[in-house]
Amino acid sequence: MATEVVLPMLGITVEKGKIVEWVKKEGDSVEKGETIFVVEVEKATTEVESPAGGILAKILVPEGVEVPVLTVVGIITEPGEKFSEEDVPQAESPSSVDSVDSVTMVTPQENAPMATGPDGIIKAVPAARRMAKEHGIHLQDISGTGPDGLIFAGDVEAMIAGTARPSDVRASTLARRLAEKERIPLEQVAGTGVRDRIMRQDVQAFLKESETTGTPLGTVIPMSTVRKVIARKMSESAFSAPHIYFFTDTCLDPLLEFRSVVLPGLEKRFDLRLSINDFIIKAVALNILDFPMLNAQIKGEDIHIMSEVNVGLAVAMPEGLIVPAIKNADRSGLVDIARQRIDLVQRARQGKLTLEEMERGTFTISSLAQYDITHFTAILNPPQSGILSIGKTDEKLVMEKGQVKVKRIAQIGLSVDHRIIDGAMAADFLQNLKWKLERPSITYLTV
Amino acid sequence: MREITYAQALNEALKECMKEDERVVLLGEDIGRYGGIFQVTAGLLDEFGPKRVMDTPISEAAFVGGCVGAALTGMRPVVEIMFIDFTTVCMDMIVNQMAKMHYMFGGRGRVPMVLRVNIGAGRGAAAQHSQSFHSWFMHIPGLLVVTPSTPYDAKGLMIEAIKNDNPVIFVEHKKLYAEKGPVPEESYSIPFGKADVKREGKDLTIVATHAMVLRSLAIAEEASKKGIDVEIVDPRTLTPLDRETIFSSVKKTGRLLVADEGHKTCGVAAEISAMVAEEMIYFLKAPILRVCSPDTPVPFSPPLEQAYIPDEKDLLLAVQRLMEYA
Amino acid sequence: MNIEKNKLRELYTTMLRIRLFEERIVDLYARGLVPGLAHLYLGEEAVATGICAVLRPDDYITSTHRGHGHVIAKGANLKNMMAELFGKKTGYCKGKGGSMHIADMEIGILGANGIAGAGLPIATGAGMSAKWRGTDQVTVCFFGDDASNNGTFHESLNLASLHKLPVVFVCENNLYGISVSQEMHQPIKDIAIRATGYDMPGVVVDGNNVIAVYEEAMKAVKRARAKEGPTLIECKTYRWRGHHEGDPNQGRRYRTQEEIEAWKKKDPIKQLAKKLIEERILAKKAVAALEKEVTQEIDQAVAFANESEFPKVEEMYEDVYIREGETE
């Protein structure tokens with residue numbers, strides 16, 4: 001059997017070597033362990049011993065040629081063995097020692113909300129970026145209250161909840177907390193911190209002074225972030241959805257009666273007061289089940305009839321209108337609706353609503369019943385397609401079967417998106433709603 | 001519950017383990033007759049005799065390496081090195097032998113030994129007797145690193161360390177030896193890899209080791225008067241590290257301060273900061289801050305040493321800096 | 001001392017096994033089948049053989065980077081050894097240790113060690129352990145001439161003597177610490193005299209005479225088992241090849257050909273063969289047959305190693321720590 005003579009491993013760092021002398025020549029006989037060639041590695045020479053005894057039949061790598069270690073450099077055959085070219089091993093491709101390539105930097109692509117504003121990079125803390133992305137808020141819509149306009153997590157939270165975080169007012173967390181607690185508008189507090197930042201002691205000092213008065217004539221108030229958003233959404237709605245308006249007089253006597261009858265018992269049992277709005281919300285929700293198109297939204301070229309009936313109630317706040325929605329109003333009892341309403345309105349006033357609570361609405365009710373307003377036209381809350389406006393309830397003289405009666409009447413208005421809701425359907429909806437409100441004992445059969 | 005010192009708690013743990021298992025033996029310089037320079041092994045020579053409580057010559061390599069050999073062959077030794085600073089003279093036995101045998105031998109051979117050391121400056125012991133480079137051991141795979149901050153933790157973790165089959169570096173703290181705390185009389189062990197939330201809070205997280213835990217608790221009261229609610233997480237073991245508890249705390253508060261007495265550069269705090277930045281970046285409302293010892297040897301002169309040690313002042317400043325990020 | 005014939009044959013076989021194994025490694029290493037480093041025991045066979053022949057399976061040894069001879073003499077399985085050298089998962093250490101970390105607790109091999117002098121404290125500890133556990137196990141610690149200069153040597157001999165530990169310290173003085181000759185690394189010629197400084201017996205023995213080694217080992221082990229304390233045995237020996245495979249020209253950068261030839265003439269195996277054949281303890285034919293048998297054993301080991309698989313990448317993360325409930 002022929003034995004391969006290799007250029008041996010010569011230590012862990014040596015990779016190549018050059019045979020400087022074949023001590024044995026082709027055809028010579030050689031003993032195992034006898035020096036067969038001399039190899040040069042890194043300026044030193046070393047003798048290599050033969051791995052077997054026999055005849056050095058073939059020299060494959062001559063003197064002076066540098067080859068990698070483990071290259072077959074010669075063949076030794078047993079005495080009497082015939083050597084054929086087949087014994088020569090095929091030149092193998094360079095040893096498959098995987099060299100470690102330079103480390104490729106993997107930059108995570110997804111989930112990195114990159115905010116590039118019109119004037120370059122926007123500085124925001126990581127949590128702020130994430131929250132902004134999750135809620136679809138553009139960082140450029142937020143004015144950061146940190147140093148150099150750094151957007152804090154709190155800035156985004158405030159944006160989401162729609163509370164007043166007046167732009168350009170820089171304040172520490174503790175200052176904000178105190179201001180919120182004491183209901184002080186931060187923009188009116190003079191700051192003494194780094195670059196006029198409002199610190200907690202500044203708010204304390206402000207508290208000590210006399211109360212603030214309203215904004216006088218001639219004041220220029222820069223739009224707060226919330227106001228900007230409201231302004232933008234209103235324009236969007238008014239100029240893209242063609243509104244048509246409908247009004248009807250609704251007699252609220254039966255409902256008011258109904259309410260006064262059930263109120264004491266419910267109040268005792270559930271510790272809450274149902275308001276007229278609760279009844280209206282429920283009636284509207286039930287009505288929507290009969291007229292699902294009023295619960296629809298246009299998305300691109302499709303009309304999506306939303307699967308949940310979440311009725312929003314407009315709440316007036318100093319910064320602007322906020323519309324939290326009561327979830328699944330069609331399937332909720334009056335007490336449930338009342339509970340949700342109370343909780344949402346309270347948190348709306350504290351600025352503690354979540355974005356989901358505001359965005360889930362599918363139909364809105366706007367009531368100015370506490371004002372001396374007979375009726376008014378409301379602008380749709382995009383992307384919704386219907387909004388109900390409620391005016392003041394007044395005692396009116398009404399003709400009924402030829403007789404003059406005194407009834408408590410409220411004017412209810414309906415605005416719809418004429419792109420998807422025709423006049424007939426709108427009229428039908430409103431008419432049916434009026435019918436429901438005037439027959440509470442039937443409408444509210446399941447409380 | 002009765003209160004005893006950290007040193008007494010350790011003493012109890014050693015005593016209980018030695019009573020229960022005769023394979024547990026103690027070695028170290030001056031641990032027998034003298035009772036250990038911090039009195040952790042006081043009374044144990046009298047109770048268990050010189051065969052099991054061995055005063056060694058100044059031959060760290062021999063007796064630490066000896067413990068490796070003894071552990072390999074059926075014993076469960078607890079060896080003391082007087083100050084962490086002296087581990088340098090037997091580093092080979094710790095890093096190349098103790099830590100690696102189980103792995104190098106492909107799982108054949110266990111080294112169930114505990115190497116007790118202490119860290120912490122503040123006693124004027126100067127540069128060669130006051131270091132806190134326990135992060136070196138956190139860096140070596142194969143070693144478990146335990147860092148108790150209270151007497152309760154000390155006893156439970158020591159009992160676990162002796163029962164655990166892995167080699168353990170048990171890092172005590174010079175200034176904690178005399179601190180008292182409630183400790184149950186019975187035997188109990190605390191599992192490794194379970195951090196302890198020493199104080200719950202919602203505004204910021206302090207991950208702290210050893211004396212930094214106590215210092216953090218001290219400033220937490222002051223901070224709450226200013227309306228800042230601090231959460232303090234004590235990892236208790238650096239290897240294995242309870243990442244989950246740290247992560248969920250950071251998720252909750254969004255602000256992280258890491259406090260450890262090692263040097264700032266390449267210390268325990270650096271590792272925890274990097275780990276949190278890597279996994280929790282989207283929950284950070286503020287940069288991660290570290291409160292550590294400066295990158296200098298420990299100075300001798302008292303005012304210098306005082307300035308050297310990271311203390312309540314440093315913690316409060318860092319807390320305030322963090323709270324500037326709303 | 002009269003050594004019975006079976007023992008002599010055993011001594012011969014063991015030396016042969018070491019010799020042929022190491023010679024095979026020369027070839028395998030040259031062909032790249034044994035990765036990393038290889039430090040071969042060729043020429044020193046009598047030391048490991050003579051010492052370990054006295055030991056029981058439950059006695060301990062600590063070995064060195066040049067440990068193949070020690071572990072073979074202590075009874076290690078050639079197949080698992082070869083597989084470990086190849087880096088295969090069927091190796092003694094699942095391929096995770098390599099030539100310098102072969103260990104088998106079951107036959108008392110507390111590991112070969114890549115750190116010079118590291119075995120001394122570990123062996124001392126095994127001695128302490130036997131004392132604590134009340135057994136009469138003995139620990140043999142192999143180390144080299146240059147390692148006797150390391151702090152661990154002095155600390156360990158001191159501690160072992162102080163506590164009369166059952167340890168036999170065996171210094172394999174092959175006259176070089178890598179390339180630095182003994183006269184350049186220590187002021188003394190006989191390392192055995194250092195024993196006096198530690199109040200224990202120190203003996204010099206011809207490391208190429210396996211019977212002499214065996215006889216000294218007997219005395220030292222007997223002394224240790226009788227709890228009389230440690231002994232330092234210095235074996236004068238020589239390695240035929242370079243410090244590691246790849247050390248140019250069999251170490252002729254720092255050694256002369258004449259010196260190598262002179263020591264090769266003292267071949268311990270030839271010495272014993274001559275004696276066995278002269279005293280008719282072994283026939284010439286038997287010697288040849290033995291060689292063939294051992295060669296076959298090695299062939300099988302190589303085949304086993306070749307057929308075995310490398311460990312999977314995931315195994316890199318195993319055995320760093322012992323998980324709760326894991327048994328050995």
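Fair warning: this is a prediction, and the values are worked out from it, not measured in the lab.

S.K.: So what's going on with the overall build of chain B? Residues and values would help.
M.R.: Counting its secondary structure elements, chain B contains twelve helices and 14 strands. The proportion of buried residues among the 326 residues of chain B is 65%. Split by element, the accessible area of chain B, about 11400 Å² in all, is 53% carbon and sulfur.

S.K.: Please set out the interface of chain C and chain A residue by residue, giving values where relevant.
M.R.: Every contact between the two is made by 15 residues of chain C and, on the other side, 16 residues of chain A. Note on chain C versus chain A: buried area summed over both sides is about 1100 Å², and carbon and sulfur give 49% of it. On the chain C side of the contact with chain A, Ala30, Arg31 and Asn249 of chain C bury the most area, a combined 40% of that side's loss. Applying the counting criterion to the chain C and chain A interface returns two salt bridges. In this structure, Arg241 of chain C engages Glu49 of chain A in a salt bridge whose closest nitrogen and oxygen atoms are separated by 3.4 Å. Seen at the junction of chain C and chain A, the total is seven residue pairs in polar contact (both at pLDDT 80 or more).

S.K.: Hey, could you go over the interface of chain B and chain C for me, with residue numbers and the actual values?
M.R.: How big an interface is tends to be stated in terms of accessible area lost as the parts join. Taken together, the contacts link 43 residues of chain B with 40 residues of chain C. Around 3500 Å² of area is buried between chain B and chain C when both sides are counted, 65% of it from carbon and sulfur atoms. Put simply, chain B and chain C have one salt bridge between them. Residue Arg108 of chain B is joined to Asp104 of chain C by a salt bridge in which the shortest nitrogen-to-oxygen separation is 3.3 Å.

S.K.: Outline the pattern of salt bridges, supporting the account with residue identities and numerical values.
M.R.: A complete count under the given rule lists 57 salt bridges over all chains for this structure. Ionic pairing is found between Glu400 of chain A and Lys405 of chain A, a salt bridge with its closest N-O pair at 3.3 Å. Between Arg19 of chain C and Glu45 of chain C there is a salt bridge, with the nearest N and O atoms lying 2.6 Å from each other. With Arg19 of chain C in helix H1 (residues 5–30) and Glu45 of chain C in helix H2 (residues 45–52), this residue pair connects regions lying 26 residues apart in the sequence. Here the salt bridges do not stand alone but share partners, grouping Asp153, Asp196, Lys198, Asp234 and Arg236 of chain B into one network.

S.K.: So, the side chain of Ser366 of chain A: which residues are in play, and what are the values?
M.R.: With respect to the secondary-structure elements, Ser366 of chain A resides in strand E18 (residues 363–367). The residues touching Ser366 of chain A, leaving out its near neighbours within four places in the chain, are Ala314, Phe376, Ile387, Leu388, Ser389 and Ile390 of chain A.

S.K.: Summarise helix H4 (residues 78–86) of chain C; cite the residues concerned and give the values.
M.R.: All names here are of chain C. With eight of its nine residues buried, H4 lies for the most part within the structure. Residues of H4 that are buried include every one of Leu78, Asn80, Met81, Met82, Ala83, Glu84, Leu85 and Phe86, and no others. Along its buried surface, H4 packs onto H1, helix H3 (68–73) and helix H12 (284–307). Measuring from the backbone nitrogen of Lys79 back to the side-chain oxygen at the start of H4 gives 2.7 Å, which picks out Asn77 as the cap. A positive phi of about 85 degrees marks Gly87, the residue just after H4.

S.K.: Mind laying out the packing of H1 of chain C against H4 of chain C, listing which residues take part and the relevant values?
M.R.: All names here are of chain C. One can describe the packing of H1 onto H4 by two numbers: an axis separation of 12 Å at closest approach and a directional angle of 25 degrees. Between H1 and H4, the crossing angle belongs to the class labelled roughly parallel. Two packed elements cross with a definite hand, and for H1 against H4 that hand is right-handed. Within the contact between the two elements, H1 uses Arg17, Phe21, Ile25 and Leu28 and H4 uses Leu78, Met81, Met82, Leu85 and Phe86. Within the contact of H1 with H4, the residues separate by chemical class into eight nonpolar, no polar and one charged.

S.K.: Can you explain the nonpolar core? Please cite residues and give values.
M.R.: Within the largest apolar cluster, 98 residues are counted, with the highest numbers of intra-cluster contacts made by Phe37 of chain A together with Tyr12, Phe21, Ile51, Met81 and Met82 of chain C. Of the residues forming this core, the biggest block, twelve residues, is contributed by H1 of chain C. Not counting residues up to four positions away in its chain, the partners in contact with Met82 of chain C are Phe21, Ile25, Leu28, Ile298, Ala301, Val302 and Ala305 of chain C. Ranked by size, the runner-up nonpolar core spans 84 residues in total, among them Met113 and Leu115 of chain B together with Met105 and Met128 of chain C.

S.K.: Describe the packing of aromatic side chains, with residues and values.
M.R.: Enumeration according to the criterion identifies 17 aromatic pairs over all chains in this entry. Look at Phe38 of chain B and Phe83 of chain B: their rings are 6.2 Å apart centre to centre, the planes differ by 85 degrees, and that puts the pair in the edge-to-face class. Placement of the pair is Phe38 of chain B in the loop between strand E2 (24–28) and helix H2 (44–48) and Phe83 of chain B in the loop between strand E4 (76–80) and helix H4 (91–98), with a sequence separation of 45 residues. The same class applies to Phe38 of chain B as to Phe83 of chain B, namely buried. Each member of the aromatic cluster is reached from another via a ring pair, and the members are Tyr6, Phe38, Phe83, Phe86 and Tyr177 of chain B. Here Lys96 of chain C stacks its cationic end above the ring of Tyr103 of chain B, 4.5 Å away from the centre of that ring.

S.K.: Let's hear about the sheet that holds strand E17 (residues 325–326) of chain A: which residues, and what values?
M.R.: Residue and element names in this part refer to chain A. Pairing is mixed in the open sheet, where six strands are placed in the order E11-E20-E19-E18-E14-E17. The outermost strands of the open sheet, each flanked by one partner alone, are strand E11 (243–251) and E17. Where strand E19 (residues 386–400) lies against strand E20 (residues 403–417), 13 bridges are found, and the strand directions are antiparallel. Looking at E20, one finds that Ser389 is bridged to Gly413. Running at roughly 95 degrees to E20, helix H6 (residues 253–270) makes contact with E11 and E20 of the sheet.

S.K.: Can you break down a positive patch on the surface residue by residue, with the values?
M.R.: A cluster of basic residues, Lys51 of chain B together with Lys131, Lys164 and Lys227 of chain C, forms a positive patch on the protein surface. Mapped onto the secondary structure, Lys227 of chain C falls in the loop between helix H8 (210–225) and strand E7 (231–236). With a relative accessible area of 52%, Lys227 of chain C lands in the exposed category.

S.K.: Can you break down unusual backbone geometry residue by residue, with the values?
M.R.: With omega at 10 degrees, the peptide bond leading from Pro382 of chain A into Pro383 of chain A counts as cis. The linkage connecting Thr239 of chain B with the following residue, Pro240 of chain B, adopts the cis geometry, with an omega of -5 degrees. Structurally, Pro240 of chain B can be placed in the loop between strand E12 (237–239) and helix H9 (243–253). For Asp199 of chain C, which is not glycine, the phi torsion reads 55 degrees and is therefore positive. Relative to the elements of secondary structure, Asp199 of chain C occurs in the loop between helix H7 (182–185) and strand E6 (202–206).

S.K.: Please provide a residue-by-residue account of the sheet that holds strand E1 (residues 3–6) of chain A, values included.
M.R.: Across a sheet, paired strands are connected by hydrogen bonds in the backbone, their directions being either parallel or antiparallel. Residue and element names in this part refer to chain A. What the four strands build is an open sheet, ordered E1-E8-E6-E3; its pairing is antiparallel. Each of the sheet's edge strands pairs with one partner strand only, and the pair in question is E1 and strand E3 (29–30). Bridging between strand E6 (residues 54–59) and strand E8 (residues 72–77) involves four bridges; their strand directions are antiparallel. The residue of E8 that forms the bridge with Ile55 is Thr77.

Cut-off values and rules
- Residues numbered from 1 in each chain as written.
- Chains lettered and ligands numbered in written order.
- Predicted model: local features only at pLDDT ≥ 70, side-chain atom pairs only at ≥ 80, totals over all residues.
- Heavy atoms only, no water.
- Helix = DSSP H or I, 4+ residues; strand = E, 2+ residues; numbered from the N terminus.
- Buried < 20%, exposed > 50% of the residue type's maximum accessible area, 1.4 Å probe, protein only.
- Areas by Shrake-Rupley, 256 points an atom, 1.4 Å probe, with all protein chains shown as cover.
- Contact = heavy atoms within 4.5 Å.
- Buried area = accessible area lost by both parts, 1.4 Å probe.
- Salt bridge = Lys/Arg side-chain N within 4 Å of Asp/Glu carboxyl O.
- Polar contact = N/O pair within 3.5 Å; in protein donor to acceptor, adjacent residues only side chain to side chain.
- Axes fitted to C-alpha atoms, helices over the stretch in contact; angles between N-to-C directions.
- Parallel < 35°, antiparallel > 145°, perpendicular 65-115°, else oblique.
- Left-handed = near helix turned anticlockwise from the far one by under 90°.
- Nonpolar A, V, L, I, M, F, W, Y, C, P; charged D, E, K, R; others polar.
- Core = buried A, V, L, I, M, F, W, Y, C linked by side-chain atoms within 4.5 Å.
- Phe/Tyr/Trp six-rings, centres within 6.5 Å; stacked < 30°, edge-to-face > 60°.
- Lys NZ or Arg CZ within 6 Å of the ring centre and 35° of its normal.
- Pairing = 2+ DSSP bridges.
- Patch = residues over 30% accessible without salt bridge, like charges linked within 9 Å, V, L, I, M, F, W, Y side chains within 5 Å.
- Lys, Arg positive; Asp, Glu negative; His and termini not counted.
- Charge placed at Lys NZ, Arg CZ, Asp CG, Glu CD.

Function-wise, these values are silent; they only describe arrangement.
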